[in-house]
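Structural characterization, general
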Amino acid sequence: MLYEINEKAIKLENEGKKIIKLNIGDPDLETPHEIVEAAYEAMKKGKTKYASSLGEKSLREKLASIHGVSADNVIITPGSKWGIFSVMYSLLKDGGNVIIPTPYWTAYELTAKSLGAETRFLKTEFDSNWKIEPEKLEALADHNTRTIILNNPNNPTSKVVDGKTLKAIVQIANDKKISIIADEVYSDISFVETKSISDYGDNHVVIKSFSKAFTMTGWRIGYIIAKKELVEKIMKLNQITFTNVPVFIQEAALKALELRQEIVERIREEYQKRANLACEVLSKTEMEFSRPDAPFYLFPKYTGLDSERFAFDLLDKGVAVAPGTAFGNYREHFRISLTAPREEIETGLKKICEALE
Ligand code: PMP
């Protein structure tokens, strides 16, 4: 549904209609120019050849020092989407099931399905502030459970898992010998303190991306932090598929890391302003919502809403949002992405409110 809405929005745009796109997590902000320059410089220096399927040593070492691991535990991927796919492939290709807390980012379920893996959903609710209940997780896991996908901060709710819950989840996974795939692509730009799964030992897998924290979605670069054995398995998969992320892009990513404090701060600040604006508008309506702990999303609820119909009808009024059903059984919810300029967000929200009247 996420992808259908996007296709229709693009079709309408191609027909000349103005669409305010609050449906996808692709930021309007530009990639900082220092990063662009670094890629260009590297290209001019001839960094345009095949290279290691693990990633460049300099980048892996820099990431290792940031995360307090060894470079052997880091592998560079073309976006975190490939990172997630490659880990899910490695853990699920021989069967088993995967536990996915809902609401979830659509690609987890589609990837599990493409691998023929059984999916088990762990529902979280707006009324309990989207909290994962460790007892329910424990009850869902069995000897065939290969992995739990933990998206923290979560897309679409923008909620962060508290330390106590995280600890309980890790305990269950460790006891049952299940690997957690912690998708932490939004954690660097969180508005609140966000613990990493790696704060609770090195048994699990961390997925990271340059897309969100550095507005580098189209560059296609992310990384995985995992045990050396898993890193080596993924390297083999990389070798038979894309070979390597272009070296000039890895050099640009290295520049992003050098400037990370300044860039991340700036990006977080902008999203905090957008989130404040959106919360102010929504709080004057009948929509119920929880304040986001992180960029980029709000996931409001409107009692009685059929969000699929709503999302399609709203497109004709010039605004794209994602229906709640794209993230699990959440028909009364829809997702607003704050990835457009503030004026557009304001106009988009106004149109959303009018459509709900
Ligand atoms: N994880 C989550 C939770 C996401 O929302 C996204 C993109 N929307 C990704 C991973 C993939 O990001 P990328 O492949 O650009 O790193």
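Residues numbered from 1 in each chain as written. Predicted model: local features only at pLDDT ≥ 70, side-chain atom pairs only at ≥ 80, totals over all residues. Heavy atoms only, no water.

Some thoughts on the overall build of the protein chain
The criterion, for reference: Where helices and strands are cited, they refer to DSSP runs of H or I of at least four residues and of E of at least two residues respectively, numbered from the N terminus. All radius of gyration figures rest on C-alpha atoms, and the globule criterion is 2.2 Å times the number of residues raised to 0.38. Residue exposure (1.4 Å probe, protein chains only): buried if accessible area is under 20% of the type maximum, exposed if over 50%, otherwise partly exposed. Note on contacts: a residue pair is in contact if any heavy atoms of the two residues lie within 4.5 Å. Residue exposure ignores everything except the shown protein chains as possible cover, and the areas themselves are Shrake-Rupley values with a 1.4 Å probe.
Helix and strand counts for the protein chain stand at 12 helices and 12 strands. Scaling as 2.2 N^0.38, a compact globule of 357 residues should have a C-alpha radius of gyration of about 21 Å, and the protein chain matches this with 20 Å. In terms of principal-axis extent, the alpha carbons of the protein chain reach across some 55 × 55 × 35 Å. In the protein chain, which comprises 357 residues, the share counted as buried stands at 55%. Here the analysis covers contacts within the protein chain between residues at least 6 apart in sequence; of these, 74% occur between residues at least 24 apart. Of the accessible surface of the protein chain, which amounts to about 15,800 Å², a share of 48% is contributed by carbon and sulfur atoms.

Remarks on the sheet that holds strand 12 (residues 334-337)
By way of backbone hydrogen bonds, the strands of a sheet pair with one another, either parallel or antiparallel. The condition is simple: Following DSSP output, two strands are said to pair if at least two bridges run between them.
Spatially, 3 strands are ordered 9-12-11 in an open sheet, and the strand pairing comes out antiparallel. Here the strands that pair on one side only, and so sit at the sheet edges, are strand 9 (297-298) and strand 11 (322-323). In the sheet, strand 9 pairs with strand 12 via 2 bridges, with the strands oriented antiparallel. Note that in strand 12 the partner of Y297 across the bridge is S337.

What to know about the pattern of salt bridges
Short version of the rule: The working definition used for a salt bridge is a side-chain nitrogen of Lys or Arg within 4 Å of a carboxyl oxygen of Asp or Glu.
Evaluated as defined, the whole model comprises 28 salt bridges. K228 is the salt-bridge partner of E232, the closest N and O atoms lying 3.4 Å from each other. Pair noted here: E232 and K228 are both in helix 8 (residues 228-239), with a separation of 4 residues, about one helical turn. Judged by relative accessible area, which is 35%, E232 ranks as partly exposed. Of the charged contacts, one joins E280 and K284 as a salt bridge, the two residues approaching to 3.8 Å between their closest N and O atoms. Look at the salt bridges and you will find they share partners, linking D28, E270, R274 and R342 into a network.

Digging into the site of the ligand
Stated formally: Residue proximity to a molecule or strand is established when one non-hydrogen atom of the residue lies within 4 Å of it. Polar contact is defined as a pair of N or O atoms within 3.5 Å, subject to the rule that within protein one atom must be able to donate a hydrogen and the other to accept it, and that residues adjacent in sequence are counted only when both atoms are side-chain atoms. Residues are grouped as follows: Ala, Val, Leu, Ile, Met, Phe, Trp, Tyr, Cys and Pro are nonpolar; Asp, Glu, Lys and Arg are charged; all remaining types, including Gly, are polar.
As a structural note, the neighbourhood of the ligand is formed by 15 residues, with S80, D183, S209, S211 and R220 the closest of them. Within the contact set of the ligand, an oxygen atom lies 2.8 Å away from a side-chain nitrogen or oxygen of N155. When the free accessible area of the ligand is taken as 400 Å², the share hidden by the protein chains comes to 92%. The element contributing the most residues to the shell around the ligand is helix 4 (residues 79-92), with 4 residues. In the shell around the ligand, the residues fall into 5 nonpolar, 6 polar and 4 charged.

As for the side chain of S290
The topology assignment puts S290 in the loop between helix 10 (260-282) and strand 9. Judged by relative accessible area, which is 14%, S290 ranks as buried. Polar side-chain contacts of S290 include one of 3.3 Å to the side chain of W130.

What about the environment of P323?
Tracing the backbone through its elements, the reader meets P323 in strand 11. In this structure P323 comes out as buried when scored by relative accessible area, which is 0%. Put simply, P323 and S307 are 16 residues apart on the chain and 4.9 Å apart in space, counted from C-alpha to C-alpha. P323 has contacts with M1, I5, S307, E308, A311, H333 and F334, leaving out every residue within four places of it along the chain.

Some thoughts on the side chain of N155
Mapped onto the fold, N155 is located in the loop between strand 5 (145-151) and helix 7 (163-175). The exposure class of N155 is buried, given its relative accessible area of 3%. A distance of 2.8 Å separates a polar atom in the side chain of N155 from a polar atom in the side chain of R335.

Observations regarding the sheet that holds strand 4 (residues 118-123)
Applicable threshold: Axes, fitted as lines to C-alpha atoms, cover a helix only where it is in contact. Angles between the N-to-C directions of the axes lie from 0 to 180 degrees.
Spatially, 7 strands are ordered 2-8-7-6-5-3-4 in an open sheet, and the strand pairing comes out mixed. Either end of the sheet is taken by a strand with one partner, and the two such strands are strand 2 (74-77) and strand 4. Between one strand axis and the next, the sheet turns through 20° on average, direction left out of account. By the bridge criterion, 4 bridges tie strand 7 (residues 205-209) to strand 8 (residues 222-225) in an arrangement that is antiparallel. Bridge assignment links S209 to a residue of strand 8, and that residue is G222. Along the sheet face, helix 4 touches strand 2, strand 3 (97-102), strand 5, strand 6 (179-183), strand 7 and strand 8 and points at about 160° away from the line of strand 7.

Describing unusual backbone geometry
Along the chain, T102 connects to P103 via a cis peptide bond; the corresponding omega equals 0°. Along the polypeptide, P103 turns up in the loop between strand 3 and helix 5 (106-114). Cis geometry marks the peptide bond from N152 to P153; its omega dihedral reads -5°. Take P153: it is sitting in the loop between strand 5 and helix 7. At W130, a residue that is not glycine, the phi angle is positive and equals roughly 60°. Along the polypeptide, W130 turns up in the loop between strand 4 and helix 6 (134-140). According to the relative accessible area criterion, W130 is buried, its value standing at 7%.

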